[in-house]
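Listed below are the residues making up each chain.
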Amino acid sequence: LNSDDYLLTFDAIESISNFIVSKQYPVLVYGGILLVDEITGSKNIVNCLFLFDEIKKGKMIPHPATFVKRTVLLELGGFDTQYKIAADYDLISRIYLKYHTAINHYSKLITYFRLGGLSSDYKNLRLLNQEVGKIRTLYFNEKTIQEQQMPNEWYYKKWIEKKLFYNKGISN
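What you see is a predicted model, and the numbers here were worked out from it, not measured in a lab.

Caption draft 1: Focus on the overall build of the protein. For the protein, the count of helices and strands is six helices and five strands. Going from N to C terminus, the protein has its helices and strands arranged as β-α-β-β-α-β-α-α-β-α-α. With 172 residues in all, the protein has 38% of them scored as buried. Within the protein, residue pairs in contact and separated by at least 24 positions form 73% of the contacts whose partners lie at least 6 positions apart. With the model as given, the accessible surface of the protein reaches about 10700 Å², and the carbon-plus-sulfur share is 54%.

Written out as structure tokens, the structure is:
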């Protein structure tokens with residue numbers, strides 16, 4: 001969980017614990033998240049199986065709803081703090097690379113995830129793409145680093161949100 005996120009149900013830990021036991025203690029288990037922009041009221045659910053090939057392409061599992069064995073965290077050295085935004089993606093990539101057959105998706109929503117952090121701010125998109133590209137090249141031998149292209153509608157939406165909710169233009 002991030003500092004301003006929380007579990008969706010009181011029995012979330014018990015439920016995920018039972019799932020982990022039923023799956024014979026996989027290395028990593030991740031569930032779904034409810035993404036919420038509390039300024040605009042926008043809500044979105046991310047709750048699907050992520051294949052290893054998707055991770056290689058730069059997709060990220062819902063890390064605020066992820067549980068990793070402590071021994072694996074210690075073995076892999078934890079988070080690489082050279083990454084300002086993509087340290088989670090780096091760690092998840094290393095886990096998938098070594099243990100992709102020992103990862104399970106838990107199909108229930110676990111976490112209420114508030115948007116607004118570094119990775120969801122459009123001003124950090126270039127840095128995020130650079131870090132993810134570096135990680136993809138390092139672990140998956142990707143030769144080309146493609147920046148995520150956002151459609152004009154996305155930028156227009158962000159501009160409208162800033163104007164309506166913060167009374168600022170896109171350059172502020």
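Next comes the rest of the description.
Caption draft 2: The pattern of salt bridges, seen in detail. If you walk through the whole model with that rule in mind, you get four salt bridges. Linking Asp53 and Lys56 is a salt bridge whose minimum nitrogen-to-oxygen distance equals 3.8 Å. Taken together, the positions of Asp53 and Lys56, both in helix 2 (residues 52–56) and three residues apart, correspond to about one turn of that helix. Looking at Asp53, the relative accessible area reads 47%, which means it is partly exposed. Glu75 is the partner of Lys98 in a salt bridge, and the nearest nitrogen-oxygen pair spans 2.4 Å. Of this pair, Lys98 sits in helix 4 (residues 87–99) while Glu75 is found in helix 3 (residues 70–76), placing the two residues 23 residues apart along the sequence.

Caption draft 3: Structural detail: the pairing of strand 3 (residues 43–46). Note: strand 2 (residues 28–36) against strand 3, four bridges, orientation antiparallel. Bridge pairing in strand 3 links Ile33 to Val46. What sits between strand 2 and strand 3 in their antiparallel hairpin is a turn of six residues, with Gly41 showing a positive phi close to 85°.

Caption draft 4: Here's a closer look at a nonpolar patch on the surface. On the surface, a cluster of nonpolar side chains totalling about 330 Å² of accessible area is made up of Tyr6, Leu8, Ile45 and Leu109. With respect to the element layout, Tyr6 can be found in strand 1 (residues 6–7).

Caption draft 5: Summary view of the layout of surface pockets. Estimates place the volume of the second largest pocket at around 340 Å³. In this structure, the second largest pocket is lined by 16 residues; those nearest its centre are Leu1, His63, Pro64, Thr66 and Phe79. Classifying every residue of the lining of the second largest pocket gives 11 nonpolar, four polar and one charged.

Caption draft 6: Structural view of the pairing of strand 2. With nine of its nine residues buried, strand 2 lies for the most part within the structure. Of the strand pairs in this sheet, strand 2 and strand 4 (residues 66–68) are connected by three bridges, and their pairing is antiparallel. From the neighbouring strand, Leu28 faces strand 4, where its bridge partner is Val68. In terms of strand pairing, strand 2 meets strand 5 (residues 103–114) through eight bridges, oriented parallel. Across the sheet, residue Tyr30 finds its bridge partner in strand 5, namely His105.

Caption draft 7: Seen up close, the nonpolar core. If you look at the biggest cluster of nonpolar residues, it comprises 25 residues, and the most contacted ones within it are Leu28, Tyr30, Ile55, Ile61, Tyr89, Ile95 and Tyr96. Among the elements of the structure, strand 2, helix 2, helix 3, helix 4 and helix 5 (125–140) are those that each provide at least two residues to this core. The element contributing the most residues to this core is helix 4, with seven residues. Setting aside anything within four residues of it in sequence, one finds Tyr89 in contact with Ile55, Lys56, Gly58, Lys59, Met60, Val132, Ile135, Arg136 and Phe140. Core analysis: the second largest hydrophobic core is formed by 10 residues, Ile16, Val29, Ile33 and Ala65 among them.

What counts and how
Residues numbered from 1 in each chain as written. Predicted model: local features only at pLDDT ≥ 70, side-chain atom pairs only at ≥ 80, totals over all residues. Heavy atoms only, no water. Helix = DSSP H or I, 4+ residues; strand = E, 2+ residues; numbered from the N terminus. Buried < 20%, exposed > 50% of the residue type's maximum accessible area, 1.4 Å probe, protein only. Contact = heavy atoms within 4.5 Å. Areas by Shrake-Rupley, 256 points an atom, 1.4 Å probe, with all protein chains shown as cover. Salt bridge = Lys/Arg side-chain N within 4 Å of Asp/Glu carboxyl O. Pairing = 2+ DSSP bridges. Patch = residues over 30% accessible without salt bridge, like charges linked within 9 Å, V, L, I, M, F, W, Y side chains within 5 Å. 1 Å grid on protein atoms, 1.4 Å probe; cavity = no way out; pocket = protein on both sides within 12 Å on 5 of 7 lines; lining within 4 Å. Points joined across faces, edges and corners; volume = space filled by probe spheres on them. Nonpolar A, V, L, I, M, F, W, Y, C, P; charged D, E, K, R; others polar. Core = buried A, V, L, I, M, F, W, Y, C linked by side-chain atoms within 4.5 Å.

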